[in-house]
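Report on the structure
The residues making up each chain are set out below.
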Amino acid sequence: MTQDFFQTFILLVLVTDPFGNVPLFASVLNPVPVARRSRIVVRECGIAFVLLLIFMFFGRHFLAALHLSEIALRIGGAVILLLISIRMIFPHPDGVLGRTDGGEPFIVPLAIPALAGPSALATVLLFSSDSTGEVMVHVAALAAVAVVWLLVFLSAERLQKVLGPQVMTAFERLMGLILTAMSVEMLLSGIREFVKTL
């Protein structure tokens, strides 16, 4: 149980990449009055948490409605994770998630796709389970990750000042490297499951 919790927690932290999203949060919230920033952070993190929780609980029903197999989702999710992790290691001018428009943020781009992006949604869909114990472990891990989001983004500006842009970039690339290995493992696991069905 404890091992499952930490595996899920680490995977969700890597997929949602709160530290890598610090520059995005800081830049998007820059034009917003200081008094409102903490409320916006809490709101956006809450929206992302609820959305991921919904996908976690109703993932299998979603797959059934679209006539998709879990193997296809696992392989597809692994490919998305791999592409995002490569973009984390080799930065693109538009950033990991592409361009974002200005203005006060509401849902886009902070809750979606910065936190509850395609890779995170695909990942939590894989956590759908019939076992109550497993579901509780996954929900607890997601809640712990949401706490990490809040801690990181509420102190985003201070983190940038203390660590500096070079350290933040190095940290994001390290997370990208770890995520690359995890996505390849997910891909190989999906391929193994597919081969068994032949």
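The structure presented is a predicted model; accordingly, all values stated were derived computationally and were not measured.

**Points about the confidence of the model for the protein chain**
Predicted confidence across the protein chain gives a mean pLDDT of 81, with 91% of residues reaching 70 or more. Ranking the elements of the protein chain by mean pLDDT puts helix α2 (residues 22-29) last with 76 and helix α7 (residues 132-154) first with 92.

**What to know about the nonpolar core**
Counting 45 residues, the largest nonpolar core has Phe 25, Leu 29, Leu 52, Leu 115, Trp 149 and Phe 153 as its most contacted members. Counting residues per element, the ones that place at least two in this core are α1 (2-16), α2, α3 (34-65), α4 (70-89), α5 (110-115), α6 (118-125), α7 and α8 (156-197). When residues of this core are assigned to their parent elements, the largest contribution, 9 residues, is made by α7. Residue contacts for Leu 115: discarding those within four places in its chain leaves Thr 16, Asn 21, Phe 25, Cys 45, Ala 48, Leu 110, Ala 120, Trp 149 and Phe 153.

**Observations concerning the packing of α1 against α8**
Packing of α1 against α8 leaves a shortest axis separation of 10 Å and a crossing angle of 120°. Between α1 and α8, the interaxial angle falls into the category oblique. Crossing of α1 over α8 shows left-handed handedness. Packed against α1, whose contacting residues are Leu 11, Val 13, Leu 14 and Val 15, the element α8 presents Met 175, Ile 178, Leu 179 and Met 182 at the interface. Here the residues of the contact of α1 with α8 sort into 8 nonpolar, no polar and no charged.

**Side note on unusual backbone geometry**
Even without glycine at this site, Asp 17 takes up a positive phi of about 50°. Assignment of secondary structure puts Asp 17 in the loop between α1 and α2. Here Asp 17 falls in the buried class, since its relative accessible area comes to 5%.

**Considering the pattern of salt bridges**
On inspection of all chains with the given rule, the structure shows 3 salt bridges. With a shortest N-O distance of 3.0 Å, Arg 43 and Glu 44 are connected by a salt bridge. Here Arg 43 falls in the partly exposed class, since its relative accessible area comes to 27%. The exposure class of Glu 44 is buried, given its relative accessible area of 0%. A salt bridge links Lys 196 to Glu 193; the nearest nitrogen and oxygen atoms lie 3.6 Å apart. Residue Lys 196 and its partner Glu 193 are located together in helix α8, separated by 3 residues, close to a single helical turn.

About the thresholds
Residues numbered from 1 in each chain as written. Predicted model: local features only at pLDDT ≥ 70, side-chain atom pairs only at ≥ 80, totals over all residues. Heavy atoms only, no water. pLDDT = per-residue confidence, 0-100. Helix = DSSP H or I, 4+ residues; strand = E, 2+ residues; numbered from the N terminus. Core = buried A, V, L, I, M, F, W, Y, C linked by side-chain atoms within 4.5 Å. Buried < 20%, exposed > 50% of the residue type's maximum accessible area, 1.4 Å probe, protein only. Contact = heavy atoms within 4.5 Å. Axes fitted to C-alpha atoms, helices over the stretch in contact; angles between N-to-C directions. Parallel < 35°, antiparallel > 145°, perpendicular 65-115°, else oblique. Left-handed = near helix turned anticlockwise from the far one by under 90°. Nonpolar A, V, L, I, M, F, W, Y, C, P; charged D, E, K, R; others polar. Salt bridge = Lys/Arg side-chain N within 4 Å of Asp/Glu carboxyl O.

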